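Spelled out, the chains give:
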Protein chains: 4
Amino acid sequence: MNGSRRLPIFDAAVKVFAEKGFARATVEEIAKQAGIAKGTIYYNYKGKKELFLSLLEEGIERLEAAVSREVARKDTVLAKLEALVSAQLSFFEEYRDYCKILLSEVWGLGHRWEEQVQRLRSGYFKTIQELLEKGQAEGVIRDDLETETTAAAIFGAVGVAALDRFVFAQEYKYDQILQTLRQFLLKGVQAT
Amino acid sequence: MNGSRRLPIFDAAVKVFAEKGFARATVEEIAKQAGIAKGTIYYNYKGKKELFLSLLEEGIERLEAAVSREVARKDTVLAKLEALVSAQLSFFEEYRDYCKILLSEVWGLGHRWEEQVQRLRSGYFKTIQELLEKGQAEGVIRDDLETETTAAAIFGAVGVAALDRFVFAQEYKYDQILQTLRQFLLKGVQAT
Amino acid sequence: MNGSRRLPIFDAAVKVFAEKGFARATVEEIAKQAGIAKGTIYYNYKGKKELFLSLLEEGIERLEAAVSREVARKDTVLAKLEALVSAQLSFFEEYRDYCKILLSEVWGLGHRWEEQVQRLRSGYFKTIQELLEKGQAEGVIRDDLETETTAAAIFGAVGVAALDRFVFAQEYKYDQILQTLRQFLLKGVQAT
Amino acid sequence: MNGSRRLPIFDAAVKVFAEKGFARATVEEIAKQAGIAKGTIYYNYKGKKELFLSLLEEGIERLEAAVSREVARKDTVLAKLEALVSAQLSFFEEYRDYCKILLSEVWGLGHRWEEQVQRLRSGYFKTIQELLEKGQAEGVIRDDLETETTAAAIFGAVGVAALDRFVFAQEYKYDQILQTLRQFLLKGVQAT
DNA sequence: GATGAATGAGCTTTCATTCAT
DNA sequence: GATGAATGAAAGCTCATTCAT
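What counts as what
- Residues numbered from 1 in each chain as written.
- Chains lettered and ligands numbered in written order.
- Predicted model: local features only at pLDDT ≥ 70, side-chain atom pairs only at ≥ 80, totals over all residues.
- Heavy atoms only, no water.
- Helix = DSSP H or I, 4+ residues; strand = E, 2+ residues; numbered from the N terminus.
- Buried < 20%, exposed > 50% of the residue type's maximum accessible area, 1.4 Å probe, protein only.
- Contact = heavy atoms within 4.5 Å.
- Areas by Shrake-Rupley, 256 points an atom, 1.4 Å probe, with all protein chains shown as cover.
- Least-squares fit on C-alpha atoms with pLDDT ≥ 70 in both.
- Buried area = accessible area lost by both parts, 1.4 Å probe.
- Salt bridge = Lys/Arg side-chain N within 4 Å of Asp/Glu carboxyl O.
- Polar contact = N/O pair within 3.5 Å; in protein donor to acceptor, adjacent residues only side chain to side chain.
- Nonpolar A, V, L, I, M, F, W, Y, C, P; charged D, E, K, R; others polar.
- Expected span 1.5 Å × (residues − 1).

As annotated in an unreviewed UniProt entry, chain A is TetR/AcrR family transcriptional regulator from Pelotomaculum isophthalicicum JI.

Structure follows, in structure tokens:
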């Protein structure tokens with residue numbers, strides 16, 4: 001019921017969906033990529049949509065798990081925030097296909113993934129938001145920032161930067177990107 | 001090439017593409033929305049793709065024009081940066097349909113708009129990047145920030161925050177969002 | 001909206017459905033039979049099912065209309081009953097494709113036409129039943145017959161005999177069949 | 001060729017085919033209904049079609065056997081005819097799934113069971129027909145009835161009435177139906 | 001200029017059948 | 001004997017595009 005043939009399908013699907021997006025990806029191509037017959041996908045998943053959804057959930061779960069783990073290791077709010085940024089960036093580097101899918105399909109919302117994904121999105125956003133509020137209470141985060149907007153801005157900054165660098169740029173230096181984002185998010189662009 | 005029947009088509013297309021995304025939007029629906037017959041769209045545009053592309057270009061041109069205008073009015077780099085953020089946010093509020101399309105279709109890259117859009121994207125990014133570099137030369141922008149990454153991060157922060165607030169949130173206060181983003185981008189989250 | 005290309009499709013559909021039944025008939029074949037492209041069918045009908053349904057309703061309407069007309073022309077119950085049998089037989093001879101479809105698909109109920117057709121079926125049955133009851137009240141119909149069962153039996157007798165003769169037999173004499181059914185239904189098989 | 005695993009498959013098949021018809025019934029569902037694996041069906045039968053055919057033949061054999069037995073017990077033609085009607089009705093009540101399959105699939109002829117079933121159908125019809133002719137020779141059956149048509153009519157009357165009453169009606173009184181059909185077939189609807 | 005009926009390539013999905021275990 | 005994962009042919013349906021009017 002679980003592993004069987006699902007893993008190779010899963011991996012192939014991530015790749016093809018990342019390349020073409022949901023709409024232009026064909027089940028045929030995913031099957032070919034996985035080295036199996038088209039019917040086998042329907043034997044393992046109810047359909048193209050369910051396959052995509054299972055892959056989305058898995059991706060967001062992994063992202064949340066990776067981030068949570070790193071955040072939990074730190075004690076102060078600022079250290080946690082830095083860990084969050086670092087973990088998200090690292091995740092997006094390792095799984096850049098997920099990065100594309102998350103930003104384009106989930107964020108873009110051509111389809112109505114909304115219902116199934118809304119909670120996941122708000123889940124991750126909430127994590128950031130709560131961290132910010134805790135920091136404001138402790139006085140380590142500027143209290144002139146609205147936390148909802150800031151949480152979205154942080155996710156967007158890291159996500160779009162990661163996509164731009166990891167996917168579209170010819171080459172990049174990971175450490176430099178991480179440092180830049182860390183400094184940018186904590187201290188802004190303005191020199192002091 | 002010019003107006004006549006093109007304008008109502010254009011507006012209808014923006015609406016439908018924003019709602020459904022490129023793939024799920026149908027020419028039929030755009031025609032119905034515009035109150036014309038399907039054939040008329042093909043009389044004015046070469047096809048669905050060209051219609052979408054013309055709409056993308058127009059959108060980015062408008063965005064760039066609006067931003068350029070505001071940026072040109074200011075004298076210092078920091079004032080220009082603030083103006084840029086303010087102008088982008090304002091544009092995304094007024095044309096939130098464009099906001100969705102830009103972030104989902106252009107950014108997400110289900111299709112190969114890349115070739116035609118790459119230059120546009122890099123055009124806008126370049127503007128930000130050059131501003132940052134000028135600021136670093138003048139000593140008003142932190143020089144430990146890589147400008148390419150930071151430019152992407154700024155666009156992402158403003159874009160995603162705008163999408164999250166204007167499109168998905170029930171209600172919002174525009175001034176608060178603008179203030180939050182301005183402070184966040186200039187000074188970061190860390191209290192001083 | 002009405003006639004346009006619907007009539008040739010309609011006729012082709014009746015033929016193919018009668019030949020293959022609903023399940024084995026393909027839209028492709030109906031299109032080929034009508035001399036048009038597959039898409040044209042979907043331009044005129046919502047789908048295979050709707051096409052079949054529209055054809056069923058039309059068929060039953062025609063049958064009911066033909067029968068009603070003949071029945072109305074007669075004055076006595078017995079004359080009306082004879083007219084009904086005669087009209088049904090005549091209809092089944094002229095439209096033997098309908099005869100097949102009605103007996104096999106509607107009656108057989110592989111699908112759930114039930115909901116949409118139940119009323120039609122009961123409509124025709126009711127006509128027979130009410131005629132029988134009126135006759136019983138007048139004393140010209142045996143009152144030891146349950147009218148519901150008898151109505152079904154009459155429809156079955158005429159329908160199956162028509163199918164057997166018109167469709168499966170090599171040759172037949174229409175008048176003989178009509179006389180036989182008329183005598184059989186009125187007086188039974190038993191010699192007096 | 002014989003029993004072991006075939007019986008549960010057989011019963012499950014009758015049920016599912018009666019419910020869905022041949023085309024919409026799936027081998028998977030029959031297997032599930034029988035509590036076995038799909039492959040086992042192919043281990044016992046050559047395929048879906050053969051399974052259905054074996055079930056048809058069995059059904060008609062049982063019907064013919066039941067009817068023959070009852071008919072043989074009577075001496076006069078009229079008594080034999082009454083016995084035939086009674087036996088067919090009784091069989092259809094006990095095996096109403098067969099009743100549905102026989103009337104819908106065999107009669108309806110969506111498929112080409114014709115070749116394999118033609119003889120079976122004509123077998124049963126012939127029985128009735130010969131009985132009628134014998135009766136005509138003896139002078140107990142009206143000789144103005146064409147026997148082929150009448151045989152089909154009798155089968156249709158009993159079959160459709162049984163289907164209507166046993167399958168579609170909410171409730172029914174068996175004896176009343178039997179009496180009605182017996183009277184109707186022997187003496188017709190006309191009061192004397 | 002404008003229309004909308006017609007097209008057909010291309011996609012998702014179903015399911016009878018096979019075969020290695 | 002029995003299984004069920006895997007298959008792929010076949011079907012229904014969508015929709016961008018064309019073109020006669």
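On we go.
Examining the overall build of chain A
Counting its regular elements, chain A contains nine helices and zero strands. Put simply, chain A runs from its N terminus to its C terminus through helices and strands in the order α-α-α-α-α-α-α-α-α. Burial statistics for chain A: of 192 residues in total, 54% are counted as buried. Of the contacts formed within chain A by residues at least 6 apart in sequence, a portion of 67% connects residues at least 24 apart. Of the roughly 8,500 Å² of accessible surface on chain A, 47% is carried by carbon and sulfur atoms.

Quick notes on the relation of the copies chain A and chain B
At an RMSD of 0.2 Å, chain A and chain B line up after a rotation of 180° and a shift of 0.0 Å along the axis. The two molecules are tied by a two-fold rotation axis, judged by turn and shift. Residues of chain A ranked by C-alpha distance from the rotation axis are headed by G188(A), positioned 1.9 Å from it. A symmetric contact is evident, with 98% of the interface residues of chain A recurring at the interface of chain B.

A look at the interface of chain D and chain C
Much of the literature gives interface size as the accessible area that the parts lose upon coming together. Counting residues at the interface gives 54 residues for chain D and 54 residues for chain C. Summed over both sides, the interface between chain D and chain C buries roughly 4,900 Å², with carbon and sulfur atoms accounting for 62% of that surface. On the surface where chain D and chain C come into contact, there are two salt bridges. Here R165(D) makes a salt bridge to E148(C), at a shortest N to O gap of 3.2 Å. On the surface where chain D and chain C come into contact, there are 14 residue pairs in polar contact (both at pLDDT 80 or more). When residues of the side of chain D that touches chain C are traced back to their parent elements, those giving at least two are helix 1 (6–24), helix 5 (77–94), helix 6 (96–108), helix 7 (114–138), helix 8 (147–168) and helix 9 (174–187) of chain D. For the side of chain D that touches chain C, the leading source of residues is helix 8 of chain D, giving 15 residues. Classifying every residue of the side of chain D that touches chain C by side-chain character gives 27 nonpolar, 14 polar and 13 charged.

With respect to the pattern of salt bridges
Counted according to the given criterion, the structure contains 41 salt bridges over all chains. The salt bridge partner of R182(C) is E82(C), with a shortest N-O separation of 3.0 Å. Taken as a pair, R182(C) in helix 9 (residues 174–187) and E82(C) in helix 5 (residues 77–94) lie far apart in primary sequence, 100 residues in all. D144(D) serves as the salt-bridge partner of R142(D), at 3.2 Å between the closest nitrogen and oxygen. The buried category is assigned to R142(D), whose relative accessible area is 12%. A network of salt bridges, in which partner residues are shared, links R69(A), E70(A) and R73(A).

A closer look at the interface of chain A and chain B
Contact residues are listed per partner, giving 54 residues for chain A and 53 residues for chain B. If you look at where chain A meets chain B, you find two salt bridges. Mapped by element, the contributors of at least two residues to the side of chain A that touches chain B are helix 1 (3–24), helix 5 (77–94), helix 6 (96–108), helix 7 (114–138), helix 8 (147–168) and helix 9 (174–187) of chain A. With 15 residues, the single largest contributor to the side of chain A that touches chain B is helix 8 of chain A. By residue class, the composition of the side of chain A that touches chain B is 27 nonpolar, 14 polar and 13 charged.

Side note on the relation of the copies chain D and chain C
Superposing chain D onto chain C takes a rotation of 180° combined with a translation of 0.1 Å along the rotation axis, leaving an RMSD of 0.2 Å. Here 100% of the contact residues of chain D are again contact residues in chain C; the copies associate through an equivalent surface.

Structural notes on helix 9 (residues 174–187) of chain B
Across its 14 residues, helix 9 of chain B extends 20 Å between first and last C-alpha, which sits within 8% of the 20 Å expected from 1.5 Å per residue. For helix 9 of chain B, every residue scored as buried is listed here: Y174(B), I177(B), L178(B), T180(B), L181(B), Q183(B), F184(B), L185(B) and L186(B). Buried-residue contacts for helix 9 of chain B involve helix 8 and helix 9 of chain A together with helix 5 (77–94) and helix 8 (147–168) of chain B. Immediately beyond the C-terminal end of helix 9 of chain B, within one or two residues, lies G188(B), with a positive phi of roughly 80°.

Looking at the environment of V140(B)
Assignment of secondary structure puts V140(B) in the loop between helix 7 (114–138) and helix 8. For V140(B) and L78(B), which are 62 residues apart along the polypeptide, the C-alpha to C-alpha distance reads 7.4 Å. Not counting residues up to four positions away in its chain, the partners in contact with V140(B) are V189(A), Q190(A), A191(A), V77(B), L78(B) and G135(B).

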